[in-house]
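Listed below are the residues making up each chain.
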Amino acid sequence: MAYFHQTGKIVYEGAASKNPYSFKYYNPTEQIAGKSMKDHLRFSMSWWHTFTYGGGDPFGGATIHRPWDRSENDAERARERVFAAFEFMEKMQIGYFCFHDADLAPRRSNLLETNRVLDEIVAVIKQEMKRTGIQCLWGTSNCFGDDKFVHGAATSCNASVFAYTAAQIKKAIEVTQELGGENYVFWGGREGYETLLNTNTALELDNFARLLHMAVDYAKKIGFTGQFLIEPKPKEPTKHQYDFDAQTVLSFLRKYELEPYFKLNIEANHATLAGHTFQHELNMARINGVFGSVDANTGDPQLGWDTDQFPTGIYDTTLAMYEILQAGGFTTGGLNFDAKVRRASFEEDDLFLAYIAGMDTFARGLRVAARLLEDGVLEAFKEKRYESYTEGIGKDIVNGRVGFHELEAYALIHGATPNVSGRQEYLESLLNQYIFES
Ligand code: XLS
Ligand code: NI
Ligand code: NI
């Protein structure tokens, strides 16, 4: 059954179009810097925020009542959601989707039954994938929603919960493999703690690493070749999340010898919650060779939680695309809209309008970033700024030819030469110029 008959396929009409149901900047087949926009951006839909979110908040229940959720039977609802999701992605020209096990199918009281229902839905998804050519960007397991995860999942004090977590993740990896998923994501929903008065952080972190090693071993065993990704997030739900930010996750991966097997899934809103910018997190991932994928939702500067809004800030998307292009673009990753409409935007049309807003803002950001890189204005400025390391004493420092002794001798003779301006305001205005004119 069709759920969005009132809306046709969303196509590119250009910036002059007044039709809200069209792309103004996203032209999938247009070539930019040697690649189609579609291949650059690899847009993906999140199953949970797009198809299971009801708009509830701590002060009120659902405001969003979807036509695909009408059946009394939860397995039937899950199946209808599949048809609605593929119809939506086809009309939006979105080539990928991401899911948690728990978004696809209802949970049952025991794992065997839960897995059986999940398999039924996965079979329907496979048919729809075949019909449409839409692919799976990544899968993951919801190891945070259920009661049993109250003390964490892999970092729970309860060993049977660790075992359950492993069993759930094992199945989610199998399902991701079955759907041809290009990545598998670990977001440590409850991997953190509230108080040190009751927490053995050393054991919890060791256990977390043990679980990830088991996942690596299992993937090898079953021949799952997708990329493993960790999604850093600083707070929410626990006060101290172990995967605080990109650099924290990196040092964890290095300590436990997991770095060869993992890359990062950077979420814009998580970056800002950590007190960073989205660009900073992407940059840290890029320069350390662990840039993997992106969750393209943003927060609100006045609100300190994960508001999961569709990205409409051109500065953020431009600077994000600037990092992504410099990282060589996406390989297995993509731009997943881990974003939900506001609870007051409860009509089905709002889903289209929200995705158009996010996709167009990233498309425009890509255009600006590509021009910035092509003209090389920022890179030329940086090159000049660090010029002193390309000759003389600077070159000796970089090449490891000098130590404290030689540097002291140098400083005694030369002192420090005068500094020059960093020209931040000029560069900010240059960025504006590119944004206004690209
Ligand atoms: C929550 C996370 C979550 C992950 C997938 O804040 O963003 O949605 O992306 O578990
Ligand atoms: Ni996310
Ligand atoms: Ni998030």
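Residues numbered from 1 in each chain as written. Chains lettered and ligands numbered in written order. Predicted model: local features only at pLDDT ≥ 70, side-chain atom pairs only at ≥ 80, totals over all residues. Heavy atoms only, no water.

Moving on: the overall build of the protein chain. Within the protein chain one finds 16 helices and 12 strands. What you see for the protein chain is a C-alpha radius of gyration of 24 Å, in line with the 22 Å of a compact globule of 438 residues. Principal-axis analysis of the C-alpha atoms places the extent of the protein chain at approximately 85 × 60 × 45 Å. At a minimum sequence separation of 6, the contacts of the protein chain that also span at least 24 residues come to 77%. As displayed, the protein chain has an accessible area near 20,900 Å², and 53% of this comes from carbon and sulfur atoms. (Helix = DSSP H or I, 4+ residues; strand = E, 2+ residues; numbered from the N terminus. Rg over C-alpha atoms; globule rule 2.2 N^0.38 Å. Contact = heavy atoms within 4.5 Å. Areas by Shrake-Rupley, 256 points an atom, 1.4 Å probe, with all protein chains shown as cover.)

Time to look at the coordination of the nickel ion (ligand 2). Glu231 (OE), Glu267 (OE), Asp295 (OD) and Asp338 (OD) make up the full set of protein donors to the nickel ion (ligand 2), lying at 2.0 to 2.2 Å. Read in sequence order, the donor residues for the nickel ion (ligand 2) give the motif E-x35-E-x27-D-x42-D. Between the two metals, the nickel ion (ligand 2) and the nickel ion (ligand 3), the spacing is 3.8 Å, and Glu267 donates to both. Here Glu231 is found in the loop between β8 (227-230) and β9 (240-241), whereas its partner Asp295 is found in strand β11 (residues 291-295), with 64 residues between them in sequence. (Donors = N, O, S within 2.8 Å, 3.2 Å for Na, K, Ca; no water.)

Attention shifts here to the sheet that holds strand β12 (residues 335-337). Read around the closed barrel, eight strands run β3-β4-β5-β6-β8-β10-β11-β12, paired in parallel fashion. Pairwise comparison of adjacent strand axes, ignoring direction, gives a mean angle of 30 degrees for this sheet. Contacts between helix α7 (residues 201-222) and the sheet are confined to β6 (183-186), β8 and β10 (262-267), with β8 contributing the most and set at about 165 degrees to the helix. (Pairing = 2+ DSSP bridges. Axes fitted to C-alpha atoms, helices over the stretch in contact; angles between N-to-C directions.)

Moving on to the environment of Arg385. Along the chain, Arg385 turns up in helix α13 (residues 377-385). C-alpha of Arg385 to C-alpha of Asp375: the two residues are 10 residues apart in sequence and 17 Å apart in space.

The geometry of helix α11 (residues 314-326) relative to helix α16 (residues 424-437) is characterised by a closest axis approach of 11 Å and an angle of 100 degrees between their N-to-C directions. Comparing their axes, α16 and α11 come out roughly perpendicular. Counted together, Ile314, Tyr315, Thr318 and Leu319 of α11 and Leu431, Asn432 and Ile435 of α16 form the full contact between these two elements. Residue composition of the contact of α11 with α16, grouped by class: five nonpolar, two polar and no charged. (Parallel < 35°, antiparallel > 145°, perpendicular 65-115°, else oblique. Nonpolar A, V, L, I, M, F, W, Y, C, P; charged D, E, K, R; others polar.)

Proximity of charged atoms lets side chains of opposite charge pair with each other. Taken as a whole and judged by the stated rule, the model has 25 salt bridges. Notably, a salt bridge pairs Arg66 with Glu348, separated by 2.9 Å at the nearest N-O pair. Residue Arg66 is located in the loop between α2 (47-52) and α3 (74-92), and its partner Glu348 is located in helix α12 (residues 348-375); the two are separated by 282 residues in the primary sequence. When sorted by exposure, Arg66 lands in the same class as Glu348, which is buried. Residues joined in a network through salt bridges with shared partners are Glu90, Glu128 and Arg131. (Salt bridge = Lys/Arg side-chain N within 4 Å of Asp/Glu carboxyl O. Buried < 20%, exposed > 50% of the residue type's maximum accessible area, 1.4 Å probe, protein only.)

Protein ligation of the nickel ion (ligand 3) involves Glu267 (OE), His270 (NE2) and Asp306 (OD), the donor distances falling in the range 2.1 Å. Considered as a linear motif, the donors of the nickel ion (ligand 3) on their single chain read E-x2-H-x35-D. Residue classification places His270 among the buried positions, given a relative accessible area of 3%.

Counting residues in each nonpolar core, the largest one holds 119 residues, and the members touching the most others are Trp47 and Phe97. Per-element tally for this core: the top contributor is α12, with 13 residues. (Core = buried A, V, L, I, M, F, W, Y, C linked by side-chain atoms within 4.5 Å.)

Right, let's get into unusual backbone geometry. Across the junction of Glu236 and Pro237, the peptide omega takes the value 5 degrees, indicating a cis bond. Among the structural elements, Pro237 can be located in the loop between β8 and β9. The backbone of Ala33 sits at a positive phi, close to 45 degrees, despite the residue not being glycine. With respect to the helices and strands, Ala33 occurs in the loop between β1 (31-32) and β2 (35-36). Non-glycine residue Glu257 carries a positive phi angle of around 55 degrees. Along the polypeptide, Glu257 turns up in the loop between α8 (246-255) and β10.

Another aspect to go through is the site of ligand 1. Within the structure, ligand 1 sits among Trp48, His100, Trp138, Trp187, Glu231, Lys233, Glu267, His270, Asp295, Asp306 and Asp338. For ligand 1, an oxygen atom lies 2.9 Å from a polar atom in the side chain of Asp295. The separation between an oxygen atom of ligand 1 and a polar side-chain atom of Asp338 is 2.8 Å. When isolated, ligand 1 has an accessible area of 290 Å², and the protein chains bury 94% of it. (Near = heavy atom within 4 Å. Polar contact = N/O pair within 3.5 Å; in protein donor to acceptor, adjacent residues only side chain to side chain.)

Before going further, it helps to examine the packing of helix α5 (residues 111-132) against helix α6 (residues 159-178). Two elements in contact, α5 and α6, have axes whose closest approach is 11 Å; the angle formed by their N-to-C orientations is 15 degrees. Our classification of the angle between α5 and α6 gives roughly parallel. As for how α5 packs across α6, the hand of that crossing is right-handed. Between α5, through Leu111, Asn115, Leu118, Asp119, Val122 and Lys126, and α6, the contact on the second element is made entirely by Tyr164, Ala167, Lys171, Val175 and Glu178. Of the residues in the contact of α5 with α6, the class split is six nonpolar, one polar and four charged. (Left-handed = near helix turned anticlockwise from the far one by under 90°.)

Examined against the element boundaries, Thr140 turns out to sit in strand β5 (residues 135-140). Overall, Thr140 belongs to the buried group, its relative accessible area being 4%. For Thr140 and Leu229, which are 89 residues apart along the polypeptide, the C-alpha to C-alpha distance reads 9.9 Å. Within polar-contact distance, the side chain of Thr140 engages the backbone oxygen of Val185 at 2.7 Å.

Without other data, these values stay purely geometric and don't point to any function.
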